[in-house]
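Working through the structure, step by step
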Amino acid sequence: MKIYIETYGCQMNINDTEVVASILCKVGHTICKSIEEADVILVNTCSVRDNAEQRVLGRLDVFALQKKKNKNLIVGVLGCMAQRLKEDLLNNKNVDFTVGPDSYRELPEIIASRLESGYKKTETILSLKETYSDIEPVRMDSNHVSAFISITRGCNNMCSYCIVPFTRGRERSRDPKSIVREAEYLFAKGYKEVTLLGQNVDSYFWANPDNPTESVNFFQLLELVALIDPTLRVRFQTSHPKDIRKGVLYTMAMYPNICKHIHLPVQSGSNAQLEKMNRKYTREDYLKKIADIREIIPNCAISTDIIAGFCDETEEDHKETLSLMEEVKFDSAFMFQYSERPNTLAARKYSDNVPLEEKTKRLNEIIALQNKLSLESNQKDIGKIFEVLIEGTSKRSDKQLIGRNTNNKMCVFDAADGVKVGDYVFVKINNCTSATLIGDIQEVKKTHHLHIKSISEIKNDIKELKRKRDEWLKKRESEGKH
Ligand code: SAH
Ligand code: SF4
Ligand code: F3S
């Protein structure tokens, strides 16, 4: 059968769609690119904010119209909305089945039984084990340069505003051997960058079930992936301010191919709000982590997520968010208005009492400030030379190429002979906007020379950083922490 899949939500969902495609292709189905030619439409959904759900509900109406044209069409909802709304979608939206994030292995059977017997079905049992470790994702709409690899599933942090722990279940860490195998396989196929994904990568921890003394934590995993090849870039997200540790920072500093960018969502600059959000750190703790990052990795970019207008947020709280942003000088940010999610801790305990106009006003102030900070951050890069991995051509002109530097900043530059997608080039920045660095190619790199430092300088740096990391680790072990 021809299967059309549409994906909403986070990168985890994009990766899950690739797992779903793999499961379905293995049993002989094919993936198609339009709803008109599809026998089955799958929509992989997000519940994180109300507007994400509304968008999907709108699409389900479009799919219902398509069902009138194609009587045999099957429509299935996957992902977080399937988990949250279950039968509601079957009853109200002309959907044939809903399958939650831990039940994708059941999909071939569910599709077959819908065809044979016409039964509608919802399969949303959350698992303590499922990690899809053995499934090799089919990379869809990929640039064949950069790929996502999920390293954990679920989340154990009960941030009070957040639906994710309810839709994704308990946190599970995937076997490091299968992660490394997947990264090696991608590299062998020509990929140059992998992003390790988890709701909280810092809590990655895998113990060998046959020998629990053998374990791998996040920085060890990062190192294993970085060691695959110096020309394979490694990124990761999301880091949690309460859990990110110096071991990760030293490891990032040690390996030139681990990109110097940390996404560290702060959510709010006010301690009262952070407490209500159940984030388990204070403004001061957060600023201390920022100081550690700046000390160990001086040129690290830092981005964040911010929520405007959470329950009981006062003008004072909001001002504290603005002042924290000024203090940290984030390079970029994702910014949202608080959207109450049914049955979360916040929905049960607090009142969503910041009026909509006020939420919008605060969000706009946050966005305006971040635009200024992003522009200032980019202006500081004018005159610098960065190594950029070419990811594609610019949307505006096919004579221009785009790619990111180590700091995850998008760079735009004129194409040149002999330079193609997947190559590393050095780009000198001579202009910018708040969203992009604009520059010129300096030198074409056929082989990657691990940045501008000499190999012996890098080796020396690594020795010193490894010594510091070992010292730090010994101290933690003596305190009984891993
Ligand atoms: N695990 C990651 C991100 C999860 S969701 C983390 O802990 O940071 C991505 C972002 O969506 C969050 O960082 C938060 O800023 C935002 N978000 C989550 N729930 C929200 C809600 N109910 N309303 C508005 N924004 C929300
Ligand atoms: Fe949601 Fe918090 Fe988990 Fe992130 S860490 S997914 S915000 S509960
Ligand atoms: Fe959305 Fe689910 Fe991801 S709620 S953000 S798709 S984990």
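None of these values were measured; they are calculated from a predicted model.

Side note on the site of ligand 1
Ligand 1 sits among 15 residues. The nearest are Arg 49, Gln 199, Gln 267, Asp 305 and Ser 339. For ligand 1, a nitrogen atom lies 2.8 Å from a polar atom in the side chain of Gln 199. Between ligand 1 and Gln 267 there is a distance of 2.7 Å, counted from an oxygen atom to a side-chain nitrogen or oxygen. When the free accessible area of ligand 1 is taken as 540 Å², the share hidden by the protein chains comes to 89%. Those elements giving two or more residues to the shell around ligand 1 turn out to be β15 (301-308) and β16 (332-337).

Re the packing of aromatic side chains
Taken as a whole and judged by the stated rule, the model has 8 aromatic pairs. For the ring pair Phe 310 and Tyr 350, a centre distance of 6.5 Å and an interplane angle of 75 degrees mean the geometry is edge-to-face. Pair noted here: Phe 310 is in the loop between β15 and α12 (315-328) and Tyr 350 is in the loop between α13 (345-349) and α14 (356-379), with a separation of 40 residues, a long-range link. With respect to burial, Phe 310 and Tyr 350 carry one shared label: buried. Ring-pair connections join several aromatic residues into one group, and the members of that group are Tyr 161, Phe 310, Tyr 338 and Tyr 350. If you follow Arg 49 out to its NZ or CZ, it ends over the ring of Phe 336, 3.7 Å from the centre. A cation sits over an aromatic face here: Lys 276 above Tyr 350, 5.5 Å from the ring centre.

What about the site of ligand 3?
Taken together, Cys 10, Asn 13, Thr 45, Cys 46, Ser 47, Val 48, Cys 80, Val 164, Arg 168 and Gln 199 make up the full set of residues near ligand 3. Here the shell around ligand 3 is built from residues that sort into 5 nonpolar, 4 polar and 1 charged.

What about the pattern of salt bridges?
The full count for this structure, using the stated rule, is 43 salt bridges. When the shortest N-O distance is used, the salt bridge between Asp 16 and Arg 168 registers 2.9 Å. Taken together, the residues span a long stretch of sequence, with Asp 16 in helix α1 (residues 11-26) and Arg 168 in helix α6 (residues 164-168) at a distance of 152 residues. Classification of Asp 16 as buried rests on a relative accessible area of 0%.

Digging into the domain arrangement of the chain
Assigned domains of the chain: these are domain 1 (2-123), domain 2 (146-374) and domain 3 (385-442). Of note, the centres of domain 1 and domain 3, computed from C-alpha atoms alone, are 37 Å apart.

Focus: the side chain of Arg 362
With respect to the helices and strands, the residue Arg 362 is situated in helix α14. Discounting chain neighbours no more than four positions away, the residues touching Arg 362 are Ala 308, Glu 313, Thr 314, Glu 315, His 318 and Val 354.

Some details on the sheet that holds strand β14 (residues 261-263)
Sheet architecture is open: 3 strands sit in the order β14-β15-β16, paired in parallel fashion. Each edge of the sheet is formed by a strand with only one pairing partner; in this case those strands are β14 and β16. Across this sheet, the average inter-strand angle for adjacent strands is 10 degrees, counted without regard to direction. By the bridge criterion, 3 bridges tie β14 to β15 in an arrangement that is parallel. Residue pairing for β15: His 261 is matched across the bridge by Ala 301.

Re the environment of Thr 436
Among the secondary structure elements, Thr 436 is positioned in strand β21 (residues 436-445). C-alpha of Thr 436 to C-alpha of Leu 42: the two residues are 394 residues apart in sequence and 34 Å apart in space. Ignoring anything within four residues of it in the chain, the contact list for Thr 436 reads Asn 378, Met 410 and Val 412.

A closer look at the nonpolar core
Ranked by internal contacts, the top residues of the largest apolar core, which has 60 residues, are Leu 196, Phe 218, Phe 236 and Met 252. If you tally residues by element for this core, the top one is helix α8 (residues 218-226), at 6 residues. One finds Tyr 8, Ala 52, Leu 60 and Val 77 within the second-largest nonpolar core, a separate group that totals 21 residues.

Describing a negative patch on the surface
Residues Glu 284, Asp 285, Glu 316 and Glu 320 make up a contiguous surface patch of negative charge. Going through the elements one at a time, α11 (283-296) and α12 are the ones with two or more residues in the negative patch. Structurally, the position occupied by Asp 285 is in helix α11.

Topic: helix α9 (residues 246-254)
Within α9, 7 of the 9 residues are buried, which leaves it mostly tucked inside the rest of the structure. Every buried residue of α9 is listed here: Gly 247, Val 248, Leu 249, Tyr 250, Thr 251, Met 252 and Met 254.

Quick word on empty space enclosed by the protein
Within this structure, the stated rule accounts for 3 cavities of 30 Å³ or more. Taken as a whole, the largest cavity holds about 90 Å³ of empty space. Top contributing element to the lining of the largest cavity by residue count: α1, with 3 residues. Tallied by class, the residues present in the lining of the largest cavity amount to 5 nonpolar, 4 polar and 4 charged. When residues of the lining of the largest cavity are assigned to domains, at least three fall in each of domain 1 (2-123) and domain 2 (146-374).

Some words on the packing of helix α7 (residues 176-188) against α8
Close contact between α7 and α8 brings their axes to 10 Å; oriented N to C, the two are set at 30 degrees. By the angle between their axes, α7 is roughly parallel relative to α8. Two packed elements cross with a definite hand, and for α7 against α8 that hand is right-handed. On the side of α7, the interface is formed by Pro 176, Ile 179, Val 180 and Ala 183, while α8 contributes Leu 221, Leu 224 and Val 225.

Here's the deal with α7
For α7, spanning 13 residues, the distance from its first C-alpha to its last is 18 Å, which sits close to the expected 18 Å at 1.5 Å a residue. Taken together, the buried positions of α7 are occupied by Pro 176, Ser 178, Ile 179, Val 180, Glu 182, Ala 183 and Leu 186. Against the buried residues of α7 lie β7 (146-150), β10 (193-197), β11 (205-208), β12 (211-217) and α8. The residue sitting at the N-terminus of α7 and contributing the capping side-chain oxygen is Asp 175; that oxygen lies 2.8 Å from the backbone nitrogen of Lys 177. One or two residues past the end of α7 sits Gly 190, with phi positive at roughly 105 degrees.

Criteria and thresholds
- Residues numbered from 1 in each chain as written.
- Chains lettered and ligands numbered in written order.
- Predicted model: local features only at pLDDT ≥ 70, side-chain atom pairs only at ≥ 80, totals over all residues.
- Heavy atoms only, no water.
- Near = heavy atom within 4 Å.
- Polar contact = N/O pair within 3.5 Å; in protein donor to acceptor, adjacent residues only side chain to side chain.
- Areas by Shrake-Rupley, 256 points an atom, 1.4 Å probe, with all protein chains shown as cover.
- Helix = DSSP H or I, 4+ residues; strand = E, 2+ residues; numbered from the N terminus.
- Phe/Tyr/Trp six-rings, centres within 6.5 Å; stacked < 30°, edge-to-face > 60°.
- Buried < 20%, exposed > 50% of the residue type's maximum accessible area, 1.4 Å probe, protein only.
- Lys NZ or Arg CZ within 6 Å of the ring centre and 35° of its normal.
- Nonpolar A, V, L, I, M, F, W, Y, C, P; charged D, E, K, R; others polar.
- Salt bridge = Lys/Arg side-chain N within 4 Å of Asp/Glu carboxyl O.
- Domains from an automatic or database assignment.
- Contact = heavy atoms within 4.5 Å.
- Pairing = 2+ DSSP bridges.
- Axes fitted to C-alpha atoms, helices over the stretch in contact; angles between N-to-C directions.
- Core = buried A, V, L, I, M, F, W, Y, C linked by side-chain atoms within 4.5 Å.
- Patch = residues over 30% accessible without salt bridge, like charges linked within 9 Å, V, L, I, M, F, W, Y side chains within 5 Å.
- Lys, Arg positive; Asp, Glu negative; His and termini not counted.
- Charge placed at Lys NZ, Arg CZ, Asp CG, Glu CD.
- 1 Å grid on protein atoms, 1.4 Å probe; cavity = no way out; pocket = protein on both sides within 12 Å on 5 of 7 lines; lining within 4 Å.
- Points joined across faces, edges and corners; volume = space filled by probe spheres on them.
- Parallel < 35°, antiparallel > 145°, perpendicular 65-115°, else oblique.
- Left-handed = near helix turned anticlockwise from the far one by under 90°.
- Expected span 1.5 Å × (residues − 1).

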